[in-house]
Amino acid sequence: MSQTQVRSGRSARDSSLAYADNVRPAARYPEVAEVIDRYRGHEGCLIQILHAAQGIYGCLPLDLQMFIAESLDLPLSEVAGVVSFYSFFSVNPRGQHTIRVCLGTACYVRGGKKIVDHLRESLGIDVGETTEDGKFTFEIARCIGACGLAPAVMIDDTVYKQVSAAKIDAILAKY
Ligand code: FES
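Read on for an overview of the structure. (Residues numbered from 1 in each chain as written. Predicted model: local features only at pLDDT ≥ 70, side-chain atom pairs only at ≥ 80, totals over all residues.)

**Things to note about the sheet that holds strand β3 (residues 153-155)**
Inference 1: If you walk across this open sheet you meet the four strands as β2-β1-β3-β4, and the pairing is mixed. Single-partner strands in this sheet number two, and they are β2 (136-141) and β4 (158-160). Across the sheet, the mean angle from the axis of one strand to that of its neighbour is 20°, orientation sign disregarded.
Inference 2: Strand direction decides the pairing type here: strand β1 (residues 97-102) and β3, joined by three bridges, are antiparallel. The partner of I99 across the bridge, within β3, is I155.
Inference 3: Sheet strands in contact with helix α6 (residues 105-124) are β1, β2 and β3, and its direction is about 145° off that of β1. (Pairing = 2+ DSSP bridges. Helix = DSSP H or I, 4+ residues; strand = E, 2+ residues; numbered from the N terminus. Axes fitted to C-alpha atoms, helices over the stretch in contact; angles between N-to-C directions. Contact = placed C-beta atoms within 7 Å.)

**A word on the nonpolar core**
Inference 1: Counting residues in hydrophobic clusters, the biggest one holds 16 residues, and the most contacted among them are I99, V101, C102, I115, L119, A152 and V153.
Inference 2: Of all the secondary structure elements, the ones that give two or more residues to this core are β1, α6 and β2.
Inference 3: With four residues, the single largest contributor to this core is α6.
Inference 4: Each residue touching I99, except ones within four places of it in the same chain, is listed here: L119, F136, F138, E139, V153 and I155.
Inference 5: Listed in part, the 12 residues of the second largest apolar core include V35, I36, L64 and I68. (Core = buried A, V, L, I, M, F, W, Y, C linked by C-beta atoms within 7 Å. Buried ≥ 20, exposed ≤ 12 C-beta atoms within 10 Å, placed from the backbone.)

**A look at the pairing of β2**
Inference 1: Taken together, the six bridges between β1 and β2 define a ladder with parallel strand orientation. Residue pairing across strands places C102 opposite A141, the latter belonging to β2.
Inference 2: Between the parallel elements β1 and β2, the chain passes through α6 in a crossover that is right-handed. (Right-handed = clockwise from strand over helix to strand, strands pointing away.)

**Structural notes on unusual backbone geometry**
Inference 1: Residue A150 is joined to P151 through a cis peptide bond whose omega torsion reads 0°.
Inference 2: On the secondary structure map, P151 appears in the loop between β2 and β3.
Inference 3: Positive phi, normally seen in glycine, also occurs at D73, with a value near 60°.
Inference 4: Residue placement: D73 occurs in the loop between α4 (62-72) and α5 (76-85).
Inference 5: Residue D73 is classed as exposed on the basis of its 7 C-beta neighbours within 10 Å.

Purely geometric numbers; function is a separate question.
And the structure:
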């Protein structure tokens, strides 16, 4: 076999492996494969699996959704539909901390919108995005149960009440 044939043989095999790995990403998601084996056949297992997968990888990119759909023998549209329906699932990598500005009625009328506008500018991102340094994901909430002391902002599990645009900078500096 000539040198050229060897080279072209290798390259064809390498590209077919790369393609196969793209289509069947099981090798990249061994922990999720284990979770799927554990929950397969249980009622409501799709949500449990998605939840565990997001816990492991931080988000649910399309590639991972494809793997889950294929492993459970479900159409991708069903998996993608569940991911987009529940706000706690995310297809994009999340930041280290999640900021949720409440825009429920009480918070909206008491300045929630100003906090959103201020954060857009100071973080340099829009709602639903993550800062470039991966520190903050910026989201909107609809009432977080602190209406009496609106406007409220939640960072991870901590609720901050009577927040203003000026106060939010000092709060974020602690993170
Ligand atoms: S409306 Fe914001 S906490 Fe209820």
